[in-house]
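Examination of the molecular architecture
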Amino acid sequence: MRPEPGQVLHFSEDPTIERFLPHVAPTSQLREPYVWAVDTERCPAYWFPRACPRAMAWRGPRTAQTDVDRIVGVGCGDRVHAVEYGWLKAMMDVRLFAYRLPAAEFAPLGDPPSAVVATVPVLPLGPPEPVGDLFELHEEAGIQLRVLDNLWPFWKEVTASTMEFSGIRLRNARR
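Because the structure is a prediction, the values reported are computed rather than measured. (Residues numbered from 1 in each chain as written. Predicted model: local features only at pLDDT ≥ 70, side-chain atom pairs only at ≥ 80, totals over all residues. Heavy atoms only, no water.)

Let's talk about the state of the cysteines
By the definition in use, this model includes zero disulfides. Here C43 is not cross-linked by a disulfide; its sulfur's nearest cysteine counterpart is in C52, at 17 Å. The class for C43 is buried, based on a relative accessible area of 0%. On the accessibility criterion, C52 (0% relative accessible area) is buried. (Disulfide = S-S within 2.5 Å. Buried < 20%, exposed > 50% of the residue type's maximum accessible area, 1.4 Å probe, protein only.)

Here it is as structure tokens:
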């Protein structure tokens, strides 16, 4: 589930959105209203239920092989996503949809960019598409999906490593 050329994606559990309006997300530290979407590279970070906490790590240009071996695992690829056991049922049951949006309306946000945003209302290019089996998406993309009792020890190791990383909805992780 990736965008085609000239597109970005917005993932949602709501299949009824007809127009995306800029807004300030309740969880955002930014105060400007945006329509949020992701490009091809960032899509896998959203192959989860919206509220699901996840810790992700992947090989970057300055990543040491020892960190890949330690964080991802020897012979286990270049990327790992971790979730907590308590979210497995939600990952199996969620009905997630992808909206294809015109990339021309969006600009990168952050350095390095973590998303693309629009400051004007955006119409989807068509109806939302069911994302399907989230486990299959990870498998097809060669992304290891790790299930942990608690994300915080893993997150501590990831953030202290040379790996590239992202954590989403970590406030929902076990304490």
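Some thoughts on the nonpolar core
Ranked by internal contacts, the top residues of the largest apolar core, which has 21 residues, are F11, C43, W47, F48, M56, V131 and L134. Broken down by secondary-structure element, the contributors of at least two residues to this core are β1 (7-12), β3 (54-58) and α3 (134-140). Residue contacts for F48: discarding those within four places in its chain leaves R54, M56, H81, V83, M91, L96, L134, H138 and L145. Counting 15 residues, the second-largest nonpolar core is a separate cluster that includes V68, V80, V158 and L170. (Core = buried A, V, L, I, M, F, W, Y, C linked by side-chain atoms within 4.5 Å. Helix = DSSP H or I, 4+ residues; strand = E, 2+ residues; numbered from the N terminus. Contact = heavy atoms within 4.5 Å.)

Some words on helix α1 (residues 65-72)
For α1, the set of buried residues is D67, V68, I71 and V72. Down the axis of α1, the smallest arc covering the buried residues is 100°, so these residues share one side. Among the residues trailing α1, G73 stands out with phi positive, at a value near 120°. (Arc of directions from axis to C-beta.)

Interpretation in functional terms is not warranted from these geometric data alone.
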